[in-house]
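Spelled out from the first residue to the last, the chains are:
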Amino acid sequence: IVTESLAILDRDGTAKFSLPRLGRALGADQTAVYRHFVNKDDLVLAIAERLFEEAFSGFQVSSAWTDTLRDVALRVRRTFLLHPSAAALTSARVTSQPAEMAAADAVIGAFLAAGFPPFDAALYYRVVVDFAMLWNGGEADFMNLPDETRVAEQDGWVTAYRGADPRTHPHIDA
């Protein structure tokens, strides 16, 4: 069910992800999904956990804490960019499932290895992970825009910032 959900999201995006469509893709009535998931939100959390499983497949904590953090961030980014619709749907969610918990433990462990006390390690975990998840989720959401909108947005950034008046926006000009 989760695999087919990811396939629908990857192919058709969040707008076309529905339980009736999922049921048809599975060759079953949509109500069959409810035998495995309490509701659609429960399924969304399972999709989020699948993204964590994919991102952290083969993950090993490095002897250098900074390398561990870098690897975590790059894994999340790579997975979110492979599944932008699923990422946009799940990036702000907490699964509390094994793959997410293992990733959280590795990040907190990296901060502990750096010498931070436990409270600070937990706080910095939130800072790093929230930034990585939400930034990459936002980028995934951007990737879900129609091509012409995405191109116009990119061009808009370039045009607006290159055209900034140096007298009123000297930092942008620099």
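Structure: above.
Described below are features of the structure shown in this document. Predicted model only: the values in this text are computed from it and were never measured. (Residues numbered from 1 in each chain as written. Predicted model: local features only at pLDDT ≥ 70, side-chain atom pairs only at ≥ 80, totals over all residues. Heavy atoms only, no water.)

## What to know about the packing of aromatic side chains
- Overall, the coordinates contain nine aromatic pairs when judged by the stated rule.
- For the ring pair F52 and F56, a centre distance of 6.4 Å and an interplane angle of 20 degrees mean the geometry is stacked.
- Given a relative accessible area of 13%, F56 falls into the buried group.
- With centroids separated by 6.0 Å and ring planes inclined at 45 degrees, the aromatic side chains of W65 and F111 adopt a geometry described as tilted. Of this pair, W65 sits in helix α4 (residues 65–82) while F111 sits in helix α6 (residues 98–113), placing them 46 residues apart in sequence.
- For F111, a relative accessible area of 5% corresponds to the buried category.
- Ring pairs connect the aromatic residues W65, F111, F116 and Y124, which therefore count as one cluster. (Phe/Tyr/Trp six-rings, centres within 6.5 Å; stacked < 30°, edge-to-face > 60°. Buried < 20%, exposed > 50% of the residue type's maximum accessible area, 1.4 Å probe, protein only. Helix = DSSP H or I, 4+ residues; strand = E, 2+ residues; numbered from the N terminus.)

## A look at the nonpolar core
- In this structure, L43, I47, F56 and V107 are the most contacted members of the largest nonpolar core, which totals 34 residues.
- Elements with a contribution of two residues or more to this core: α1 (2–12), α2 (19–26), α3 (40–55), α4, α5 (84–90), α6 and α7 (118–143).
- Sort the elements by how many residues they give to this core and α6 lands first, with seven residues.
- Setting aside its immediate chain neighbours within four residues, F56 contacts V72, R75, V76 and A103. (Core = buried A, V, L, I, M, F, W, Y, C linked by side-chain atoms within 4.5 Å. Contact = heavy atoms within 4.5 Å.)

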